Amino acid sequence: MAKVTGRIVVDTEQCKGCGVCIPVCPFDVIELAKEFNSKGFHYAYMKNPEACTGCMNCALVCPDAVIKVYRKKVRV
Amino acid sequence: MAKVTGRIVVDTEQCKGCGVCIPVCPFDVIELAKEFNSKGFHYAYMKNPEACTGCMNCALVCPDAVIKVYRKKVRV
Amino acid sequence: MDEQQAKTEDIIKKENLVFDKTKLLTDKAFHYCPGCGHGVVHRLLMEVIEELDIQEKTIGIAPVGCSVLAYHYMDIDMQEAAHGRAPALATGIKRTLPEKYVFTYQGDGDLAAIGTAETIHSCNRGENITIIFINNGIYGMTGGQMAPTTLENMKSSTTPYGRNVKQMGNPLKITELVAQLPGTCFVTRQAVHKPAYVRKTKKAIKKAFKYQKQEMGLSFIEIVSNCNSGWKMTPNDANKWLENNMLPFYPLGDLKTPEKK
Amino acid sequence: MDEQQAKTEDIIKKENLVFDKTKLLTDKAFHYCPGCGHGVVHRLLMEVIEELDIQEKTIGIAPVGCSVLAYHYMDIDMQEAAHGRAPALATGIKRTLPEKYVFTYQGDGDLAAIGTAETIHSCNRGENITIIFINNGIYGMTGGQMAPTTLENMKSSTTPYGRNVKQMGNPLKITELVAQLPGTCFVTRQAVHKPAYVRKTKKAIKKAFKYQKQEMGLSFIEIVSNCNSGWKMTPNDANKWLENNMLPFYPLGDLKTPEKK
Amino acid sequence: MGELRLMKGNEAIAEAAIRSGADGYFGYPITPQSEVIEHLAAQKPEERTGMTLLQAESEIAAINMVYGAAGCGKKVMTSSSSPGISLKQEGITYIAGAELPCLILNVVRGGPGLGTIQPSQSDYFQSVKGGGHGDYHLIVLAPSSVQEMYDFVELGFDLAFKYRNPTMILSDGAIGQMMEKVEIGEQKPRLTEEQIKEKYPWATTGKTKDREKNVITSLELEPEKMEQFNRKLIEKYRKIEENEVRYEEIQCEDAEYLMVAYGTSARICQKSVQIARNEGLKVGLLRPITLFPFPRKRINELADQVKGMLSVEMSSGQMVEDVRLAVNGKVPVEYYGRMGGIVPSTEEALKDLKQKIIGGK
Amino acid sequence: MGELRLMKGNEAIAEAAIRSGADGYFGYPITPQSEVIEHLAAQKPEERTGMTLLQAESEIAAINMVYGAAGCGKKVMTSSSSPGISLKQEGITYIAGAELPCLILNVVRGGPGLGTIQPSQSDYFQSVKGGGHGDYHLIVLAPSSVQEMYDFVELGFDLAFKYRNPTMILSDGAIGQMMEKVEIGEQKPRLTEEQIKEKYPWATTGKTKDREKNVITSLELEPEKMEQFNRKLIEKYRKIEENEVRYEEIQCEDAEYLMVAYGTSARICQKSVQIARNEGLKVGLLRPITLFPFPRKRINELADQVKGMLSVEMSSGQMVEDVRLAVNGKVPVEYYGRMGGIVPSTEEALKDLKQKIIGGK
Amino acid sequence: MNEEIIIAGFGGQGVLSLGKILCYAGIVQGKEVTWMPSYGPEMRGGTANVTVIISDERISSPILSKFDTAIILNQQSMDKFEKDVKPGGHLIYDGNGITRHPERTDINIYRVDAAAEAARMETNKTFNMIVLGGFLKVKPIVELQNAVEGLKKSLPERYQHLVPVNEKAIYRGTKIIKKISKARAEA
Amino acid sequence: MNEEIIIAGFGGQGVLSLGKILCYAGIVQGKEVTWMPSYGPEMRGGTANVTVIISDERISSPILSKFDTAIILNQQSMDKFEKDVKPGGHLIYDGNGITRHPERTDINIYRVDAAAEAARMETNKTFNMIVLGGFLKVKPIVELQNAVEGLKKSLPERYQHLVPVNEKAIYRGTKIIKKISKARAEA
Ligand SMILES: Cc1ncc(C[n+]2csc(CCOP(=O)(O)OP(=O)(O)O)c2C)c(N)n1
Ligand SMILES: Cc1ncc(C[n+]2csc(CCOP(=O)(O)OP(=O)(O)O)c2C)c(N)n1
Ligand code: SF4
Ligand code: SF4
Ligand code: SF4
Ligand code: SF4
Ligand code: SF4
Ligand code: SF4
Ligand SMILES: [Mg+2]
Ligand SMILES: [Mg+2]
């Protein structure tokens, strides 16, 4: 059986830590980092990458277009 | 039997001879004079005063408010 | 003295006078073209103010348009607005003198072209004022150019071959727009070229002032009128043309009343 | 290298890339506040222009408002309008360059307050342009003053005790007004704070450009968005507030389509 | 002494408006002066004094609301910054033409066009020569401190009513945004309708039986009458020039070189004068407080005393023309300025004086 | 010689616009210049040359339509009269700030406010000093005949494109309404899109792969850059002042007394000069054709020759300030004017010259 | 030659076009011309007038307060302009509707009853051309055939068929104009 | 006494209100004061700064390019303002988030780790008052009790209950500020 799995890549330097990507992720993948980037923002990162399906929800709502989404079919 | 009869008095010097009082008179009372007033207009006058009922139609539409209307009950 | 003349003299007596020019119109003769509807509306307005006995409490705003000199004729305190800005003046007045009756008197160029924003926003704010809007489908004062309300294919000095809707846009029914706004309480369209219309228009104006007293919001009275000069017709032809062409597009009647919003 | 990292590396490969920032957005980082909806709409617009392959034929107009610098981000020819005048610029451009795609991008202060006349008349003339209208219920750029679209009782820096409708007027549904005008062909209200809304908004924008090509008249796309700074909320709270307060008053959906006018 | 507060220039304007007994404010937000309407809104002027406050749909609507209320003898004002003031030009000339008193605040930013929101003095010509059409003048006051922002509201209203003429307070982003200590005055009562009727019999307050109707207008179709009206205006402006010139002199008594500057620039030059004096240079500063009427006579007198003048401005050189007109060739008059929102520094202004005026002699 | 026609000044403008290959006209009617748009409408410019014609909803919309089209490198214009021009001030400063070429016609009437529809020259300051905010200048052409109304359309466009700066034709009701003989030029073709792209690479015509995007704006948030931009503008104005001054001299060679007048006033003064010469008085007339740039240098030279100057204007005395600035105290400069729509008569202008300048010596 | 003329009457009497045709005639004859109308909303049903100058030289001021000739077509204009004719100048008027005839003795007065004549000819619209003919009889500043040329130039294509009847009117005007009085030298 | 100060940091760090309280303190002590903020849309999530002048005399220019003291609360501000301290002047900074520490040798450098201290005190909002205390320790241009008075004046009625905790923070600031280096005379 093939399953779709995904990953996001956040441009952490450009991320403004607004957090709007967080509630739209159906699988609770994203969280804000404790650390700041150089602009002083807590950037987003995948706390739970395995759960990502590459559904793109997060990227669709990201106001700064700093999320890249990757998706791949993997055999289970 | 009592009948209503009327008369109009046109301020001939102020009348602009626009003629809009003419078609609204139900009894064809009004006509424009051949003569001009000092402003160069053919003023309105009662060509047929007997027919006037004092209905005020002419006065209502007169754009220059130059028509006075009189009305009286007369015995027939 | 012939019989007819005697009879006439018998009738033309003070006690039989049933219609005369209201005292609130000054003696100054209107500068309007023969047959122009502005004069009728001026008279009705002053009759209403006289009948409501509110001369001392009324402030009117004249527009820039043929009726720019309205203050020569109306015996009330008045202000002359810049082209299109009458509702802004009225707002400034009513907000600082809320007990007064405030009305604007505006043409279609004034109200629906350059003054669009002031019209929409005063209506939307629900200023407690009365707007009298003379829609003659043209810019009368400046020599008959197209107005926002000029009908399709209608000729004007800037549409000498008729208004081409594709190029110049559609005639604008601004009254329908303001009727949509919650700030207006009474929106109606009337005319003054026939006695019955004249009577209705007067009633509408009176209502508007009553609503103003009751602070119900903005009353907006469109009056479809002629500009025989601009239309290049005789006054009677203009009125006929109005009946046959303007009224089908701008149908008369109440668009909104406080009773049924 | 642990297993998970290896797996991730296996997925993050060019061939698996399904979402990336469109090339038509420049590298310049948006100056918008974290969580502001402007960025999403910028992206969607550029995605549509990229997908329709009309970069060479598109001219955009930036407003005065937070998106005043939109031309820093959009890699297309653009003009900066005076506050509220974007539709006039667009008219001037489209009338002299009818083959180009022309859009304006405007805020609610810009479009529905100072620019009311330009909005109404460009819509009424049916200019073949697209208007993107960001309704965030406030003047974002100048520090959160009341906009025409500010909701009843909503706080802003000029209504610190909430918008008092009696005093400041009603929130203005300008989109409902322009939908009434025959010059508009497509009038719709969308949002961008949820993925499904984002998808719909993009479709609407694409449609608008297609109608423009077909010379069907003006397309008007309202996007209800947040101004978390002006509202003084976190971005996620702002979006929730938007859903619960803005959308009931400004319901999403098509108000007018060419199919059913 | 009244209460002392720390206030922004813009807030001082708002507070002064309420306390001066103003009847209304109509405005549209724009940086760097939105604090005026914001401060008013926070203050609930309706409750404090019954003063009306309305955020208009545009600057044009706002100035025309002012027109309407001013026509009723009400004490009303508006405020904006450069682009918004440009939009008000038609309304302003109507108000001048209808001879209505009102107060207009311009917190100037850099132009032309959208420009920048930083402070500037590049609206000088617009304010004093007439940015609108026709022959008219505003009374123009140029505050250079937050205290003057506060004080000039009442002064501006007084002059406006005295001459039935709009007054402009020509400020800039620096003074609008800056906080300083302000001495706050007493609350003055607003005029009652009866008082207005008595003091301003021309106002449209509703025609009573005992007087003719009042009409507020600037229209006159007969050129002869229009010209008479124009002459009446000129006569009024002459009176204003005679009676209302205001300026401040700083170390002018023995000055050999004169700086002329107003508003923020004058603050800068004040320090330049200090430094120059420390260096033993006899430099003075004339600060026009009224830009119209311009202190022409005094400058002309000083031209007999000094060897040259430098007009320091945050513009490309506007007031310098009025200085030159006043001096009429007696001594060299030069200009130094910065633009685009940049405020000249004390040092560079002095350096320029040395180069162009002192050294040049 | 081209075809001769009898035309109103306003009609000449319209015809010249079509024949100069203009791409568009956007305007709103106002007396005394509505014939411009009316003549255009009657001419079906869409059919004659493909030129766009649109009656806008307001003057503000019109000037901003001009902005948009001008930003695309199109040759576009608008026209109005005083109150309408006041409304355009924001748009005009935006156009100046964005460095866009366009043509603006002001057929001046008497002000302030609604004023009168009769001819006037009281918008001089507004035109040359800047009625909008910020430091900018229009190129201002002052026609004094219907032929010049015609000719200055093309000249105005040429200058506008040469310097990327708005040009204003400052006319008045008399010249707009008057008919005179006009020599009509050939029809010029409108530029093609390709030609525009080549000649005006800054225009927003759609970003192609081979160039960066074009942006038309007047916004600059960084004061340093804004100031640089202001300096660039000043440099441009300096060039214009160097290269584009235009004036006419009538009997100035041996003049002892000089009248300075433009437009309609210059027509009047021309006759005054004739009469004066008949009386043996050595009077000359300098007629500025460009009001900005102003013929400062030439007037300054003439100040070395003549004993005094009289500026004759249909205003309360505006251009006289520029004359005085040019003369800088060398000889007395006086003003004579009528207002409110009244055109001064030949005789009274001469009488005033005698009283104030000739007699005064 | 420099002839300064005011033509004044009711709006609708063809005052402005009379002036225009005169100017066109001047152009045909190689002269300089200016035509300066009164304008404004007072035209609304009111009077109209136009100042015309025909000259051999470049015309300086197009706006005048005194005239060589006044052509006056209604009473209001008589009241306004009779006084503005230069001493020794000419006043030409149509007697129709005139209640107060000109009284000056220092000018030459002519009467051309064009309204009546046009009515007689049953071509009311040619009224102003009759006046023109009368004027040119008194002041032959352009040749009659050039006036006809001017007429042709001033009419749009669709009205060219009206040239003959108007031409006739011009010639008729030269016939019916009558001298009323001559300027007395001492005046 | 004439002290010219720049205070700079992120928006939200209380930079502007720090300056305001300082000014109020000055007023309480009978001084002249000016407070001149940077303003504009670049505030959007960016930096904020304010120039404060406290003086015994009428203050001329409120706009300065060099300062007696710079109070610096983030890296961007360090980059921008370190160079603008007058030789011999003072630079006070919070080390939190600073990646490049000040390097000048001709000025006096102090460090006040107010962010860390506020976190420790569990009163993050008092951050700027700790800084203020630090500053007043180094430059006692107003008395501490007047600073507290200033604080009271600057807070609206509904926040007066916060005075004690902020007062504590001011005093805390005087304790934790550390001298890093002293201007070298030859610089
Ligand atoms: C700012 C400005 N623009 C234009 C004008 C010229 N103008 C005067 S009245 C008018 C339009 C009049 O039309 P309307 O409002 O319909 O009134 P009407 O004369 O038809 O009654 C115009 C364009 C003006 N006076 N001021
Ligand atoms: C003529 C003029 N008036 C006012 C302003 C100030 N101003 C700039 S943006 C703006 C409103 C912005 O609000 P909106 O259009 O809703 O856009 P947002 O910032 O919310 O996206 C205002 C009033 C200006 N720049 N020009
Ligand atoms: S939505 Fe974008 S900017 Fe916001 S936190 Fe997520 S990745 Fe960062
Ligand atoms: S792509 Fe979908 S599943 Fe993956 S992080 Fe984004 S929203 Fe969550
Ligand atoms: S309607 Fe009045 S003005 Fe017209 S003709 Fe009749 S009476 Fe005269
Ligand atoms: S009152 Fe009636 S009947 Fe008499 S004239 Fe007038 S319309 Fe005719
Ligand atoms: S021009 Fe038209 S609107 Fe004006 S007075 Fe004449 S008829 Fe009436
Ligand atoms: S102020 Fe509001 S609209 Fe502007 S960028 Fe911030 S969140 Fe967006
Ligand atoms: Mg109309
Ligand atoms: Mg907004």
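The structure displayed is predicted, hence computed values, not measured ones.

Focus on the overall build of chain G
Thinking step 1. Counting its secondary structure elements, chain G contains six helices and seven strands.
Thinking step 2. The order of α-helices and β-strands along chain G, N terminus first, is β-α-β-β-β-α-β-β-α-α-α-α-β.
Thinking step 3. On C-alpha atoms alone, chain G measures out to a radius of gyration of 15 Å, which is about the 16 Å that the 2.2 N^0.38 rule sets for 187 residues.
Thinking step 4. For the C-alpha atoms alone, the extent of chain G along its principal axes is close to 50 × 40 × 35 Å.
Thinking step 5. For chain G, buried positions account for 56% of its 187 residues.
Thinking step 6. When contacts within chain G are restricted to residue pairs at least 6 apart in sequence, long-range pairs at least 24 apart make up 58% of them.
Thinking step 7. Counting every atom, chain G has about 8,000 Å² of accessible surface; 51% of that belongs to carbon and sulfur.
Thinking step 8. Charge-centre separation for chain G: the mean point of 25 positive side chains lies 3 Å from the mean point of 21 negative side chains.

Considering helix H9 (residues 195-213) of chain D
Residues and elements named next belong to chain D.
Thinking step 1. Over its 19 residues, H9 runs 28 Å from end to end, which matches the ideal 27 Å to within 8%, given 1.5 Å per residue.
Thinking step 2. All of the buried residues in H9 are Pro195, Tyr197, Val198, Thr201, Lys202, Ala204, Ile205, Ala208, Phe209, Tyr211 and Gln212.
Thinking step 3. Glu215 sits one or two residues past H9 and shows a positive phi near 55°.

Brief notes about the pattern of salt bridges
Thinking step 1. Tallied over the full model, the rule gives 137 salt bridges over all chains.
Thinking step 2. We note a salt bridge from E:Glu244 to E:Arg246, for which the minimum N-O separation is 3.0 Å.
Thinking step 3. Classification of E:Glu244 by relative accessible area gives buried; the value is 4%.
Thinking step 4. The salt bridge involving F:Lys236 is made with F:Glu99; its shortest N-O contact spans 2.8 Å. One end of the pair, F:Lys236, is in helix H11 (residues 223-243); the other, F:Glu99, is in the loop between helix H6 (89-97) and strand E5 (102-108), with 137 residues separating them in the sequence.
Thinking step 5. In this structure, a network of salt bridges that share partners links the residues C:Arg43, C:Glu47, C:Glu51, C:Lys202 and C:Lys206.

Remarks on the environment of C:Pro195
Residues and elements named next belong to chain C.
Thinking step 1. Topologically, Pro195 is positioned in helix H9 (residues 195-213).
Thinking step 2. Given the relative accessible area of 9%, Pro195 is considered buried.
Thinking step 3. As a C-alpha pair, Pro195 and Gly37 span 158 residues in sequence and 12 Å in three-dimensional space.

Focus: the interface of chain A and chain D
Thinking step 1. Chain A puts 32 residues into the contact, and the matching count from chain D is 35 residues.
Thinking step 2. Overall, the association of chain A and chain D removes approximately 2,700 Å² of surface from exposure, summing both partners, and the carbon and sulfur fraction of that is 62%.
Thinking step 3. At the junction of chain A and chain D, the tally comes to two salt bridges.
Thinking step 4. With its nearest N and O atoms 2.6 Å apart, the salt bridge here joins A:Lys72 to D:Asp10.
Thinking step 5. Linking chain A with chain D are twelve residue pairs in polar contact (both at pLDDT 80 or more), by the criterion used here.
Thinking step 6. Looking at the side of chain A that touches chain D, the elements that each hand over two or more residues are strand E1 (2-10), helix H1 (21-24), helix H2 (57-61) and strand E4 (67-75) of chain A.
Thinking step 7. Tallied by class, residues from the side of chain A that touches chain D come to 18 nonpolar, six polar and eight charged.
Thinking step 8. Summarising the sheet, E4(A) and strand E1 (residues 17-19) of chain D pair through two bridges and their orientation is antiparallel. By the bridge assignment for E1(D), A:Tyr70 is matched with D:Leu17.

Considerations on the interface of chain F and chain E
Thinking step 1. Each side of the interface is counted separately: chain F has 56 residues, and chain E has 56 residues.
Thinking step 2. For the pairing of chain F and chain E, the buried interface totals around 4,800 Å² over both sides, and the portion due to carbon and sulfur atoms is 59%.
Thinking step 3. When the buried area of chain F at its contact with chain E is split by residue, F:Pro112, F:His133 and F:Asp135 rank highest and sum to 15% of it.
Thinking step 4. Taken together, the connections running from chain F to chain E amount to four salt bridges.

Digging into the nonpolar core
Thinking step 1. E:Met309 and F:Met309 are the most contacted members of the largest nonpolar core, which totals 398 residues.
Thinking step 2. What F:Met309 contacts, discounting residues up to four positions off in sequence, is F:Leu258, F:Val260, F:Ile299, F:Leu302, F:Ala303, F:Val323, F:Val327, F:Val331, F:Pro332, F:Val333, F:Glu334 and F:Ile357.

What about the packing of helix H5 (residues 144-154) of chain G against helix H6 (residues 163-176) of chain G?
All names here are of chain G.
Thinking step 1. Running from N to C, H5 and H6 cross one another at 145°; their axes reach a closest spacing of 10 Å. Classified by chirality, the crossing of H6 by H5 is right-handed. In contact with Leu144, Gln145, Val148, Leu151 and Lys152 of H5, H6 contributes Val163, Asn166, Glu167, Ile170, Tyr171 and Thr174.
Thinking step 2. Split into classes, the residues belonging to the contact of H5 with H6 amount to six nonpolar, three polar and two charged.

So, the side chain of E:Glu180
Thinking step 1. If you trace the backbone, E:Glu180 turns up in strand E8 (residues 179-184).
Thinking step 2. With residues up to four places along the chain from it excluded, the contact list for E:Glu180 reads E:Arg5, E:Leu6, E:Met7, E:Ser145, E:Val146, E:Arg267, H:Val33 and H:Thr34.

Digging into the site of ligand 1
Thinking step 1. For ligand 1, the set of nearby residues contains 22 residues, the closest of which are C:Cys66, C:Asp108, C:Asp110, C:Gly140 and F:Glu59.
Thinking step 2. With respect to ligand 1, the chains having nearby residues are chains C, E and F.
Thinking step 3. For ligand 1, an oxygen atom lies 2.8 Å from a polar atom in the backbone of C:Cys66.
Thinking step 4. At 3.0 Å from an oxygen atom of ligand 1 is found a side-chain nitrogen or oxygen belonging to C:Asn136.
Thinking step 5. Bound to the protein, ligand 1 loses 99% of the 590 Å² it would expose on its own.
Thinking step 6. Mapped by element, the contributors of at least two residues to the shell around ligand 1 are helix H5 (108-114) and strand E6 (138-139) of chain C.
Thinking step 7. Per-element accounting of the shell around ligand 1 gives the leading share, four residues, to H5(C).
Thinking step 8. Here the shell around ligand 1 is composed, by residue class, of ten nonpolar, eight polar and four charged.

The rules behind the values
- Residues numbered from 1 in each chain as written.
- Chains lettered and ligands numbered in written order.
- Predicted model: local features only at pLDDT ≥ 70, side-chain atom pairs only at ≥ 80, totals over all residues.
- Heavy atoms only, no water.
- Helix = DSSP H or I, 4+ residues; strand = E, 2+ residues; numbered from the N terminus.
- Rg over C-alpha atoms; globule rule 2.2 N^0.38 Å.
- Buried < 20%, exposed > 50% of the residue type's maximum accessible area, 1.4 Å probe, protein only.
- Contact = heavy atoms within 4.5 Å.
- Areas by Shrake-Rupley, 256 points an atom, 1.4 Å probe, with all protein chains shown as cover.
- Lys, Arg positive; Asp, Glu negative; His and termini not counted.
- Charge placed at Lys NZ, Arg CZ, Asp CG, Glu CD.
- Expected span 1.5 Å × (residues − 1).
- Salt bridge = Lys/Arg side-chain N within 4 Å of Asp/Glu carboxyl O.
- Buried area = accessible area lost by both parts, 1.4 Å probe.
- Polar contact = N/O pair within 3.5 Å; in protein donor to acceptor, adjacent residues only side chain to side chain.
- Nonpolar A, V, L, I, M, F, W, Y, C, P; charged D, E, K, R; others polar.
- Pairing = 2+ DSSP bridges.
- Core = buried A, V, L, I, M, F, W, Y, C linked by side-chain atoms within 4.5 Å.
- Axes fitted to C-alpha atoms, helices over the stretch in contact; angles between N-to-C directions.
- Left-handed = near helix turned anticlockwise from the far one by under 90°.
- Near = heavy atom within 4 Å.

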